[in-house]
Amino acid sequence: MSKFWSDAIRDLTPYVPGEQPKVSNIIKLNTNENPFGPSPKVTHAIHSFESNKLRKYPDPDSTSLKNTLADYYNVSSNQVFVGNGSDEVLAHAFMAFFRQKEPLLMPTITYSFYDVYCNLYNINYEHIPLGDDFSIDLTKYQRPNGGIIFANPNAPTGKALTLDAIEGLLNTNTESVVIVDEAYVDFGAQSAVSLINKYPNILVIQTFSKSRSLAGMRVGFALGNAELIEGLERVKNSFNSYPLDMLAQDTAIAAIQDEQYFQETTQQIISTREWTTVQLESIGFNVVPSKTNFVFATHRYLPGAELMGFLRTHNILVRHFSRPGIENHLRITIGTPDEMSAFIDCLKKHPDISTLD
Ligand SMILES: *Cc1c(COP(=O)(O)O)cnc(C)c1O
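Keep in mind that this is a model prediction, so the values were computed, not measured.

A. Looking closely at the sheet that holds strand S10 (residues 294–299). With mixed pairing, the five strands of this open sheet are ordered in space as S1-S11-S12-S10-S9. In this open sheet, the two strands that pair with only one neighbour each are strand S1 (27–29) and strand S9 (285–287). Here the strands of the sheet are splayed against their neighbours by 35° on average, with no regard to which way each runs. The strands that helix H10 (residues 304–313) touches are S9, S10, strand S11 (316–320) and strand S12 (329–333); relative to S11, the one it contacts most, it runs at about 160°.

B. The packing of aromatic side chains, seen in detail. Going through the model one piece at a time under the given rule, you end up with 14 aromatic pairs. When the centroid spacing of 4.5 Å and the interplanar angle of 15° are considered together, the rings of Tyr 57 and Tyr 242 count as stacked. With Tyr 57 in the loop between helix H2 (40–47) and helix H3 (63–73) and Tyr 242 in the loop between helix H7 (226–236) and helix H8 (246–256), this residue pair connects regions lying 185 residues apart in the sequence. You can call Tyr 57 exposed: its relative accessible area is 63%. The class for Tyr 242 is partly exposed, based on a relative accessible area of 33%. With centroids separated by 5.0 Å and ring planes inclined at 80°, the aromatic side chains of Tyr 184 and Phe 294 adopt a geometry described as edge-to-face. Of the two residues, Tyr 184 sits in the loop between strand S6 (178–181) and strand S7 (202–207) while Phe 294 sits in strand S10, which places them 110 residues apart along the sequence. Classification of Tyr 184 as buried rests on a relative accessible area of 6%. What links up through ring pairs into an aromatic cluster is the set Tyr 15, Phe 94, Phe 98, Tyr 111, Phe 113, Tyr 114 and Tyr 117. Positioned above the aromatic ring of Tyr 72 is the side chain of Arg 212, whose terminal nitrogen or guanidinium carbon lies 5.2 Å from the ring centre.

C. Expanded view of the domain arrangement of the chain. You can read the domains of the chain as domain 1 (7–37 + 260–354) and domain 2 (40–258). Taken together, the 28 residues of domain 1 in the interface contact 29 residues of domain 2. Across the interface of domain 1 and domain 2, roughly 2500 Å² is buried in total on both sides, 66% from carbon and sulfur atoms. For domain 1, the biggest contributors to the area lost against domain 2 are Tyr 15, Phe 262 and Lys 291; these three give 27% of the whole. Counting every contact that joins domain 1 to domain 2 gives zero salt bridges. Elements represented by at least two residues in the side of domain 1 that touches domain 2 include exactly helix H9 (259–282), S10 and S12. Considering every element that reaches the side of domain 1 that touches domain 2, the biggest residue donor is H9, with seven residues. Of the residues belonging to the side of domain 1 that touches domain 2, the class tally is 14 nonpolar, ten polar and four charged.

What counts, and where the lines are drawn
Residues numbered from 1 in each chain as written. Predicted model: local features only at pLDDT ≥ 70, side-chain atom pairs only at ≥ 80, totals over all residues. Heavy atoms only, no water. Pairing = 2+ DSSP bridges. Helix = DSSP H or I, 4+ residues; strand = E, 2+ residues; numbered from the N terminus. Axes fitted to C-alpha atoms, helices over the stretch in contact; angles between N-to-C directions. Contact = heavy atoms within 4.5 Å. Phe/Tyr/Trp six-rings, centres within 6.5 Å; stacked < 30°, edge-to-face > 60°. Buried < 20%, exposed > 50% of the residue type's maximum accessible area, 1.4 Å probe, protein only. Lys NZ or Arg CZ within 6 Å of the ring centre and 35° of its normal. Domains from an automatic or database assignment. Buried area = accessible area lost by both parts, 1.4 Å probe. Salt bridge = Lys/Arg side-chain N within 4 Å of Asp/Glu carboxyl O. Nonpolar A, V, L, I, M, F, W, Y, C, P; charged D, E, K, R; others polar.

Set out below in structure tokens:
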């Protein structure tokens, strides 16, 4: 706390990301990173990048990347917005659409960055409780609001909504923007991208950080009606007109161009997730059915914090949230098959864990 801080920053509660340890002998299952490297086409794009180009500013509109994304998702390029990670895209979207008189609605348990943006931008918001099984009931969102946001699949629960449920909401909620954060959609959920030409108020946000293994590069994007995209461009160009650097634009294009690698690696993660779920259940965990690259699990009697500590002493990091209602759950990122075997073997060494009959 400093006397030089404005009141606005004194009252902020910044987001705290999962730990990035500085040592290397750790199995890192705490931040939902992809266990496989990016596509070899990305590696090639990096190696063939001419550093002399860096004396110039990058394309402020990321035109080639937008065109690549537009082709891939079968939309037009004025329906595509790109930013430095989807966190930045989300920040601009909160500023552009959610500073309204009525409250923004979001689930009680979801990506905790949403609350942080509300505090930053002074957005009035309300949490809508989840069902006992962590499901989101979108009929509860049908009331006056200044916007709606949820992650689909949701984080940290891993649960997905159907496209029909989302369309049902859009049919009645016509006066505010609905953001669907699809950070994990490539791991088995249905994307709402197909709805953007039908409903002018849905914005779908995705990222290259998870399914395309480019978390370190910081590339995210939004797809929606051209007028929503123009709103985002207005915020971006009032803040930083050159958000994506040249290498980020080139590598993101290369990642999209390797569909085969994308399919193989996401399928591998999905099958490792299903294996991990069965293994966890066999040693007394309840696992929420996941459509993401992580599982959300709770042991029948061992507290979440204790399990996290036990794993940590064996150099395995998982994410634990102390918020009431989920304090006994662990969010476990799906790593390579070897990492997940080591994780399960480690749990089996816990003195109070045994294999169920
Ligand atoms: C990881 C994640 C993001 C942010 O991803 P970046 O593109 O790396 O900023 C956004 N939303 C959810 C739900 C996430 O899990």
